[in-house]
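Structure at a glance
Residues per chain are reported as follows:
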Amino acid sequence: MAKYESCILGIRMAIDMNIKELLVIGDSDLLMHQVLGEWSTKNVKILSYLRCVKELRKKFTKIEFKHIPRIQNEFVDALATLSSMIQHPHKNYIDLIEVEVRDQHAYCFHMDEEPDGKPWYHDIKKFLATQKYPENATNGQKRALRRLENHFFLSGEVLYRRTPNLGLLRCVDTIEATRVLEEIHAGTCGPQMNGFTLAMKILRAGYFWMTMESDSICYVQKCHALNLGGKTGTQCLT
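Here's a quick rundown of the structure.

Cut-offs and rules
Residues numbered from 1 in each chain as written. Predicted model: local features only at pLDDT ≥ 70, side-chain atom pairs only at ≥ 80, totals over all residues. Heavy atoms only, no water. Buried < 20%, exposed > 50% of the residue type's maximum accessible area, 1.4 Å probe, protein only. Helix = DSSP H or I, 4+ residues; strand = E, 2+ residues; numbered from the N terminus. Arc of directions from axis to C-beta. Polar contact = N/O pair within 3.5 Å; in protein donor to acceptor, adjacent residues only side chain to side chain. Contact = heavy atoms within 4.5 Å. Pairing = 2+ DSSP bridges. Phe/Tyr/Trp six-rings, centres within 6.5 Å; stacked < 30°, edge-to-face > 60°. Lys NZ or Arg CZ within 6 Å of the ring centre and 35° of its normal.

**Some points on helix H8 (residues 195–205)**
Taken together, the buried positions of H8 are occupied by Gly195, Leu198, Ala199, Ile202 and Leu203. One side of H8 holds all its buried residues, which, seen down the axis, span an arc of 140°. Taking the backbone nitrogen of Phe196 as reference, a side-chain oxygen 3.2 Å away marks Asn194 as the first, capping residue of H8. Backbone geometry just after H8 places Gly206 at a positive phi near 100°.

**Looking at the side chain of Ser28**
Note on placement: Ser28 falls in the loop between strand S1 (21–26) and helix H2 (29–35). By relative accessible area, Ser28 is classed as buried at 15%. Sequence-distant contacts of Ser28, defined by excluding residues within four places in its chain, comprise Lys3 and His67.

**Concerning the pairing of strand S3 (residues 152–155)**
Within a regular strand, the side chains alternate between the two sheet faces. Two elements, S3 and strand S4 (residues 158–162), share four bridges in a ladder whose sense is antiparallel. Residue pairing in the sheet places Phe152 in a bridge with Arg161 of S4. Between the antiparallel neighbours S3 and S4 lie two residues, among them Gly156 with a positive phi of about 65°.

**What to know about unusual backbone geometry**
Here Gln131, not a glycine, exhibits a phi torsion of approximately 60°, which is positive. Checked against the element boundaries, Gln131 lands in the loop between helix H5 (122–130) and helix H6 (139–149). For Gln131, a relative accessible area of 44% puts it in the partly exposed group. We note that Asn136 has phi near 65°; this positive angle belongs to a residue other than glycine. Structurally, Asn136 is set in the loop between H5 and H6. Note on Asn136: relative accessible area 74%, which makes it exposed.

**A word on the packing of aromatic side chains**
What describes a pair of aromatic rings is the distance from one ring centre to the other and the angle between the planes of the rings. A complete count under the given rule lists seven aromatic pairs for this structure. For the ring pair Phe152 and Phe208, a centre distance of 6.3 Å and an interplane angle of 65° mean the geometry is edge-to-face. A residue pair is termed long-range when its members are at least 10 positions apart, and Phe152 in strand S3 and Phe208 in strand S6 (residues 207–208) qualify at 56 residues. With respect to burial, Phe152 and Phe208 carry one shared label: buried. Put simply, the rings of Trp120, Tyr121, Phe152 and Phe208 pair up and form one aromatic cluster. The ring of Phe152 carries the charged tip of Arg161 above its face, separated from the ring centre by 5.3 Å.

Structure below.
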């Protein structure tokens, strides 16, 4: 991540200097290939830096990234040596890079359904289709929609959640989510799986909703309680 931070700071300095054409040279083969989109990554921390670099790229009319072997990167070593010999005034400082990293998986975060019975993804779907915010939306809600926009894909009337490996998960409402929970839990090894395993099986089946993990845990707990009481698992409902 130190390589990404150095790259971001350098690009920001170029932006502050009103530079419109930039050549970025680095000895990190991984960083260069990821920035160019030739290699992918599933590391959530790296993804945040990668998105930051991609946003900064939009501020240039032309920007290129070039990889050179570390042994040939003598200019950078010379600059580092020179920098260590200079006494910097205390008033000089480097702005921190703000990178948001969630401490839970995306499907752990709860989004309440609309009080009028609309699905949880109604506003996201409408924003993707029309690029219009809901009426009376606050600035925070508008920022949230813009942030969520990059994680969803609308195909006709069907909304999909993007995954880090470029896969797509179909978004489902409460009714269909209940059906998915019942069907997958009723499958092979269903009674023995815990809530986290059930949630992962749902993801692998290609479905997504915001409270998937918490719903799966509650569903398994209810089924277990009913089974202990001598009732069948088909009576488990979220």
